[in-house]
Amino acid sequence: MTGAPPPGEAIDVRDLRALRALAHPLRMSLLGALRSDGPSTASRLAERLGESSGATSYHLRQLAGFGFVEELPGEGTGRERWWRAMHRSTRWDTDELLDQPGGREVVDELTDRIVAHQRRMLAAFAAERESTDEEWRAAASLNDWALRLSPARARELIGELNDVVQRWRDEHEEDGQPLVHVLLDLFPLRSYPL
């Protein structure tokens, strides 16, 4: 029952309550696990994440209430229900959320959690790199580009880059191959960290 991708491409979150629900660290981990590994039970997720099955079950129900996950119909039993992610990715318009009361705090919290998650992903890649086969070592890529752009042009650029990755997902994804992570980050810095 593992490995099946979520049925939907992306969910556009406009409800600040849904984003606040997603900002919980365990919920983000649960959703990430379901997206990367496919459907699972609360017990299996608890074991993987080092949590109690009661906690994972509760937080899965919270995610389901906002449409991020669903119980798989016809799978499992009353005690061992199977869950799956509803979408492969989550999107939101930061400007739209910042206008809502409490929006800045939720966006800041999510940003901090996403940056921490990306740090863990990059650290895992660095730790696994030596044991990765040569073909994948040659195919992996870490890039650091710097361009001088206005906010409008930066939005245009990230839109184009996201469209390219979406096209590749739609047209070139290969069943049975490992999940490849593409991190697309675009941000200004007042000072380059040395």
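Scroll up to find the structure.
This structure is a prediction, so every number in the text was calculated from the model and none was measured. (Residues numbered from 1 in each chain as written. Predicted model: local features only at pLDDT ≥ 70, side-chain atom pairs only at ≥ 80, totals over all residues. Heavy atoms only, no water.)

Draft legend 1. Region of interest: the overall build of the chain. Looking only at helices and strands, the chain features eight helices and five strands. When the helices and strands of the chain are listed from N to C terminus, the series reads β-α-α-β-α-α-β-β-β-α-α-α-α. For the chain, the C-alpha atoms occupy an extent of roughly 55 × 50 × 35 Å along the three principal directions. For the chain, the proportion of its 194 residues judged to be buried stands at 23%. Of the contacts made within the chain by residues no fewer than 6 positions apart, 65% connect residues no fewer than 24 positions apart. Looking at the chain as shown, the accessible area adds up to about 13700 Å², and 50% of this sits on carbon and sulfur atoms. The distance from the centre of the 25 positive side-chain charges to the centre of the 33 negative ones in the chain is 5 Å. (Helix = DSSP H or I, 4+ residues; strand = E, 2+ residues; numbered from the N terminus. Buried < 20%, exposed > 50% of the residue type's maximum accessible area, 1.4 Å probe, protein only. Contact = heavy atoms within 4.5 Å. Areas by Shrake-Rupley, 256 points an atom, 1.4 Å probe, with all protein chains shown as cover. Lys, Arg positive; Asp, Glu negative; His and termini not counted. Charge placed at Lys NZ, Arg CZ, Asp CG, Glu CD.)

Draft legend 2. Structural context of the nonpolar core. Formed by 24 residues in total, the largest nonpolar core has its most connected members in L31, L34, L60, L63, F68 and V69. Counting residues per element, the ones that place at least two in this core are strand 1 (8–13), helix 1 (16–22), helix 2 (25–37), helix 3 (42–49), helix 4 (53–65), strand 4 (81–85) and helix 6 (103–128). A per-element tally of this core places helix 2 first, with five residues. (Core = buried A, V, L, I, M, F, W, Y, C linked by side-chain atoms within 4.5 Å.)

Draft legend 3. Fine view of a nonpolar patch on the surface. A cluster of nonpolar side chains, contributed by W136, L161, V165, V180, V182 and L184, occupies part of the molecular surface with about 460 Å² of accessible area. Its place among the elements puts L184 in the segment after helix 8 (151–172). (Patch = residues over 30% accessible without salt bridge, like charges linked within 9 Å, V, L, I, M, F, W, Y side chains within 5 Å. Salt bridge = Lys/Arg side-chain N within 4 Å of Asp/Glu carboxyl O.)

Draft legend 4. Structural view of the pattern of salt bridges. Under the definition given, this model contains 13 salt bridges. One salt bridge in this structure joins D15 and R17, with 2.9 Å as the shortest N-O distance. With its nearest N and O atoms 3.5 Å apart, the salt bridge here joins E71 to R81. Taken together, the positions of E71 in strand 3 (residues 69–76) and R81 in strand 4 put the pair 10 residues apart, joining distant regions of the chain. The exposure class assigned to E71 is partly exposed, which follows from its relative accessible area of 35%.

Draft legend 5. Representation of the environment of D95 in the model. Residue placement: D95 occurs in helix 5 (residues 94–98). Separated by 12 residues in sequence, D95 and V107 place their C-alpha atoms 9.8 Å apart. In this structure the side chain of D95 is engaged in a polar contact, spanning 2.4 Å, whose partner is the side chain of R155. (Polar contact = N/O pair within 3.5 Å; in protein donor to acceptor, adjacent residues only side chain to side chain.)

Draft legend 6. Region of interest: the packing of helix 2 against helix 4. Orientation of helix 2 relative to helix 4, taken along the N-to-C sense of each, is 80°, at an axis distance of 10 Å. If you check the angle between helix 2 and helix 4, you find them roughly perpendicular. On helix 4, the residues touching L26, R27, L30, L31 and L34 of helix 2 are A55, T56, Y58, H59, L60, Q62 and L63. (Axes fitted to C-alpha atoms, helices over the stretch in contact; angles between N-to-C directions. Parallel < 35°, antiparallel > 145°, perpendicular 65-115°, else oblique.)

Draft legend 7. Seen up close, the environment of M28. Structurally, M28 can be placed in helix 2. For the pair M28 and L110, spaced 82 residues apart in sequence, the C-alpha separation works out to 9.5 Å.

Draft legend 8. Representation of helix 4. With 13 residues, helix 4 extends 18 Å between its outermost C-alpha atoms, agreeing within 8% with the 18 Å of an ideal straight helix rising 1.5 Å per residue. The set of residues buried in helix 4 consists of T56, S57, H59, L60 and L63. At the C-terminal side of helix 4, G67 shows a positive phi close to 80°. (Expected span 1.5 Å × (residues − 1).)

Draft legend 9. Looking closely at the side chain of H87. Structurally, H87 can be placed in strand 5 (residues 87–92). Of the residues examined, H87 reaches a relative accessible area of 14% and is grouped as buried. The contact partners of H87, leaving out residues within four places of it in the chain, are P6, G8, E9, A10, I11, R35, G67 and F68.

Draft legend 10. Examining the packing of helix 3 against helix 4 more closely. One way to put it is that helix 3 packs onto helix 4 with a least axis distance of 8 Å and a crossing angle of 115°. The hand of the helix 3/helix 4 crossing is right-handed. Listed contacts from helix 4 to A42, S43, L45 and A46 of helix 3 are S53, T56, S57 and L60. Here the contact of helix 3 with helix 4 is built from residues that sort into four nonpolar, four polar and no charged. (Left-handed = near helix turned anticlockwise from the far one by under 90°. Nonpolar A, V, L, I, M, F, W, Y, C, P; charged D, E, K, R; others polar.)

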